[in-house]
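A closer look at the structure
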Amino acid sequence: MKFEKAKMQSLLEHDRFLRETYNDTIQVMDEEEALRLLYDVMILKEPLKQNAYLHLT
């Protein structure tokens, strides 16, 4: 599994918690860095989010 910006943006549309976390994160870093951080911290470490990333986007 690898980071894809388009998939992360699509997942933000479906996951309210992830979207709110993203909105908080972009206040301190740029969009690409925020998406990468969320991918590394939330997607790779959570099996349910991994499944959503792979199959819902």
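About the criteria used
Residues numbered from 1 in each chain as written. Predicted model: local features only at pLDDT ≥ 70, side-chain atom pairs only at ≥ 80, totals over all residues. Heavy atoms only, no water. Buried < 20%, exposed > 50% of the residue type's maximum accessible area, 1.4 Å probe, protein only. Helix = DSSP H or I, 4+ residues; strand = E, 2+ residues; numbered from the N terminus. Arc of directions from axis to C-beta. Contact = heavy atoms within 4.5 Å. Axes fitted to C-alpha atoms, helices over the stretch in contact; angles between N-to-C directions. Parallel < 35°, antiparallel > 145°, perpendicular 65-115°, else oblique. Nonpolar A, V, L, I, M, F, W, Y, C, P; charged D, E, K, R; others polar. Salt bridge = Lys/Arg side-chain N within 4 Å of Asp/Glu carboxyl O.

**Remarks on helix H2 (residues 16–25)**
All of the buried residues in H2 are Leu18, Tyr22 and Thr25. For H2, the arc enclosing every buried residue in end-on projection is 60°, short of the 170-degree limit, so these residues lie on one face. For H2, the exposed residues lying more than 90 degrees away from the buried face are Arg16, Phe17 and Asp24. Residues of H2 that are buried in the fold lie against helix H1 (5–14) and helix H3 (31–43).

**Regarding the packing of H1 against H3**
Their axes nearest at 10 Å, the elements H1 and H3 cross at an angle of 75°. As judged from the angle between their axes, H1 and H3 are roughly perpendicular. The residues of H3 that touch H1, namely those facing Lys5, Met8, Gln9, Leu11 and Leu12, are Glu31, Glu32, Leu35, Leu38, Tyr39 and Ile43. For the contact of H1 with H3, the per-class residue count stands at seven nonpolar, one polar and three charged.

**Some words on the environment of glutamate 4**
Topologically, glutamate 4 is positioned in the segment before H1. Classification of glutamate 4 by relative accessible area gives partly exposed; the value is 33%. Considered as a pair, glutamate 4 and threonine 21 are 17 residues apart in the sequence and their alpha carbons are 18 Å apart.

**Here's the deal with the pattern of salt bridges**
One pass over the structure, following the stated rule, counts two salt bridges. With a shortest N-O distance of 3.7 Å, lysine 5 and glutamate 32 are connected by a salt bridge. With lysine 5 in helix H1 and glutamate 32 in helix H3, this residue pair connects regions lying 27 residues apart in the sequence. Assessed through its relative accessible area of 32%, lysine 5 is described here as partly exposed. Aspartate 15 is the salt-bridge partner of lysine 49, the closest N and O atoms lying 2.5 Å from each other. Of this pair, lysine 49 sits in helix H4 (residues 47–55) while aspartate 15 sits in the loop between H1 and H2; the two residues are 34 residues apart in sequence, bridging distant segments of the chain. We note that lysine 49, like aspartate 15, is buried.

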